[in-house]
Amino acid sequence: MRLNTTDFEILRHKSVAAAEEMGLTLQRSARSIYVKEVSDFGTAIAGLDGKAFAYPAALGLAAFVDLDLNPTLQAIGPLSPGDVILSNLPYANGGLSTHLPDLQLVRPFFVDGQLVAYGWTMAHTSDIGGGVPSSISPRFAEVYEEGLQIPPVLLVRRGVPDETLLAIYRLNSRAPKTNMGDLNAMLAALEVGQKRIESVARAHGVAALLQFQTQIADYAAEKARTVLDTIPDGRFEFWDYLDHDFNSNVPVRLCCALTKRDGHIHLDFAGTDPQVQSAFNLPTANLRSPYLALRLLHLVTSRDRTAPNNHGLLNRVSAAAPEGSILNPVYPAACGVRHATVMRLLDAVSGALHQADPGLVPVAGGGTVLPVVLVSPDPVTGETRPMVIQSLVCGSGSRQGSDGIDGREAGLSNTRNSPIERTEDEAPVLVEHYGLRCDSAGPGRWRGGCGLIYRIRMLRDDLAVMARGLERFRFTPWGGAGGRPAARCRVVVNMGRPDEREVSRLDYLPLAKGDTITFMTPGGGGFGDPFTRPAEAVLQDVLCGFVSVPSARDDYGVVIQGEEVDEAATAALRCQPRDRVPTLDAGPFRRSWDEAFPDDLVRRLIAALAPFTPRIRSRKRQALYESVLPALKDGGLPRIEDPAQTRDAFAQAIEQLEREVAA
């Protein structure tokens, strides 16, 4: 039975409305700032195939349209009305979670005893135990350090909660009341979903609802094919880097080869570095994880706003990440800061798309998502209270025909910022500055979006700040087609005071009353030759505070006197010869690094390390890079004085390792 157009559209809108009402219920009932204000949650309705057919368009996280409930469902077996599955362990639920704070609930939706769909909710819980408040630290090597591991288990059986399980959950959290408030909100959302789907089934029939689940996915696949066919056939490769793995100063490479053939797209992440002994690993469970194909989802949904939001959008896409790599680690690798890796993963896929066609997607965004966590003792009980007080992002990359978006990089998710009033009401801090960062955007014919400045002052002693996933201190966001890279990330404690100091990696930072911490996130890369940007547009950027007068002159060739463009001086400056800019420009450090550590040698190293266990592999990799470039031992930004000499030393070190393996 194929639904007619009228019934199809009615069911389409009703099912999405049900998923959105679930989201509204969760958000309005939740207790934590991160769910209520920042919107770090998700809701969806999945079909009997375990894949989402109804997903909110602009509520909660947008990244999980391609979620797969099957590993979770298979772990439990047959379900009854009123059952609810709880899990948070990526290695047990098929990567449905990607780190422990993300609680996952799945409930079967029945109508008159017949299973017709599944409801799904996810929320980032405030604390799930582990070695630090809020449970996430980049230094952790194993998931055991990150908190309570929950494989798929029945939290609710036939409508009755498991109080023993809930007692264990509460005792493994530093914020049990907040967590239980969010968990109850998730359960309420599932109850709403059950009622709405039951209403839809009674109005249109169970058979129509089941047919719709398949038909809407097929429709999405056809809509997506039209967009994906704009990618030319061929193989296109690009790689990008994390600054380091936190526990060492050795950068981590993520590599993507995109192959388009006969309407099918395959993303191959071979050439990506091995998993690390820190929390940057991204569990994908040998599946087409939503994160692996997320940039292609962005491409489809931005090019065709009428395409329905469901798993069918990626039906013609496959992905493979090598087991044991940072994009497909093996248990028990820590994964709490996986969001930093996802941001770089998006840039790697974007770079491959730029090799195919520079007009397909924007250049690199600022590449940093920064949940700022304040750790504060409760003044009444003395208990430690972790709270996410702000979700900082950066500027987005520009593209052909459009500047980047200032202070907004939604590559990972569409979370929102937390209102200053809410922060200052619930946390003992004063927000002194929150605005756009001048000269942070990559110059270009179309400039990148500006990054942010966020400064808070501590109003009490015994406070601490955590900011997981600080990135782009070394490898700046790249520009394209002659556009230049954006500014690097900066974090400064007590800026402007005698005790001012820069921080390039941050785990748990104790601060005293009166101390300030200032976060300066990167902007997005520029697109096109900045000397071809209209002078009036540069003047407007200067007047708005996005670009300084010196940057206008040096980066754009525009001379500004007062509030006007000096036309003669600008014309003379723009006529002067300039150095050629690479097609994709990530700055001098990236160029020297790629010259010293080329692709063929990196792949040889990855292959030579493969026989070792993850811990030994990580140790040997670090030792090899440090032997070749001793400056890595000192921290900061290492200088590569002679890339050719470093490359030769790198090759010799790999040969020695290969002989060791062969022996």
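Up top you'll find the structure we're talking about.
Since this is a predicted model, take the numbers as computed values, not measurements.

Undergrad: I keep staring at the environment of Glu21 and nothing clicks. Help me out?
TA: One can find Glu21 in helix H1 (residues 5–29). By relative accessible area, Glu21 is classed as partly exposed at 28%. Expressed as a C-alpha distance, the spacing of Glu21 and Ala189, which sit 168 residues apart in the sequence, is 7.7 Å. Once residues lying within four places of it in the same chain are set aside, the contact partners of Glu21 are Val192 and Arg196.

Undergrad: Looking at this structure, I do not really get unusual backbone geometry. What am I missing?
TA: Across the chain, the bulk of peptide bonds are trans and the bulk of non-glycine residues have phi less than zero. Note that the residue after Tyr331, namely Pro332, is joined by a cis bond; omega there is 10 degrees. When you line up the elements, Pro332 lands in the loop between strand S11 (317–320) and helix H8 (338–356). The backbone of Asp112 shows a phi angle near 55 degrees, a positive value even though the residue is not glycine. Tracing the chain through its elements places Asp112 in the loop between strand S4 (102–111) and strand S5 (114–124). Backbone geometry places Ser134, a non-glycine residue, at a positive phi of 75 degrees. Within the secondary structure layout, Ser134 lies in the loop between S5 and strand S6 (153–157).

Undergrad: Looking at this structure, how should I read the state of the cysteines?
TA: By definition, a disulfide is the covalent link that joins the sulfur atoms of two cysteine residues. Counted according to the given criterion, the structure contains 0 disulfides. Cysteine Cys256 remains unbridged, with the sulfur of Cys255 as its closest cysteine sulfur at 7.3 Å. Considering cysteine sulfurs only, Cys489 is the nearest to Cys394, which forms no disulfide, with 8.7 Å between them.

Undergrad: Can you help me understand the pairing of strand S15 (residues 452–458) in this one?
TA: Burial within S15 is extensive, with 6 of its 7 residues counted as buried. Sheet topology places strand S14 (residues 429–436) next to S15; 7 bridges connect them, and they run antiparallel. What sits directly across from Gly435, in S15, is Ile453.

Undergrad: What should I look at first to understand the packing of H1 against helix H6 (residues 206–228) in this one?
TA: Working note: a packed helix pair is described by the angle between its axes plus the distance between those axes. Running from amino to carboxyl end, H1 crosses H6 at an angle of 90 degrees, the nearest separation of the two axes being 10 Å. It follows that H1 is roughly perpendicular to H6 by the angle criterion. Facing Phe8, Leu11, Arg12 and Ser15 of H1, the residues of H6 in contact are Ala208, Phe212, Gln215, Ile216 and Tyr219.

Undergrad: What exactly am I supposed to notice about the nonpolar core here?
TA: Taken as a class, soluble globular proteins show a tendency for nonpolar side chains to be buried jointly. Grouped together as the largest cluster of nonpolar side chains are 85 residues, with contacts concentrated most on Trp120, Ile231, Leu267, Phe269 and Leu296. Looking at this core, the element that brings in the most residues is H8, giving 10 residues. Apart from the residues lying within four places of it in its own chain, the contact partners of Phe269 are Cys255, Cys256, Leu292, Ala319, Ala320, Ala321, Pro322, Leu327, Leu345 and Val349. Membership of the second largest hydrophobic core comes to 48 residues, among which are Phe8, Ala117, Ile150 and Val206.

The rules behind these values
Residues numbered from 1 in each chain as written. Predicted model: local features only at pLDDT ≥ 70, side-chain atom pairs only at ≥ 80, totals over all residues. Heavy atoms only, no water. Helix = DSSP H or I, 4+ residues; strand = E, 2+ residues; numbered from the N terminus. Buried < 20%, exposed > 50% of the residue type's maximum accessible area, 1.4 Å probe, protein only. Contact = heavy atoms within 4.5 Å. Disulfide = S-S within 2.5 Å. Pairing = 2+ DSSP bridges. Axes fitted to C-alpha atoms, helices over the stretch in contact; angles between N-to-C directions. Parallel < 35°, antiparallel > 145°, perpendicular 65-115°, else oblique. Core = buried A, V, L, I, M, F, W, Y, C linked by side-chain atoms within 4.5 Å.

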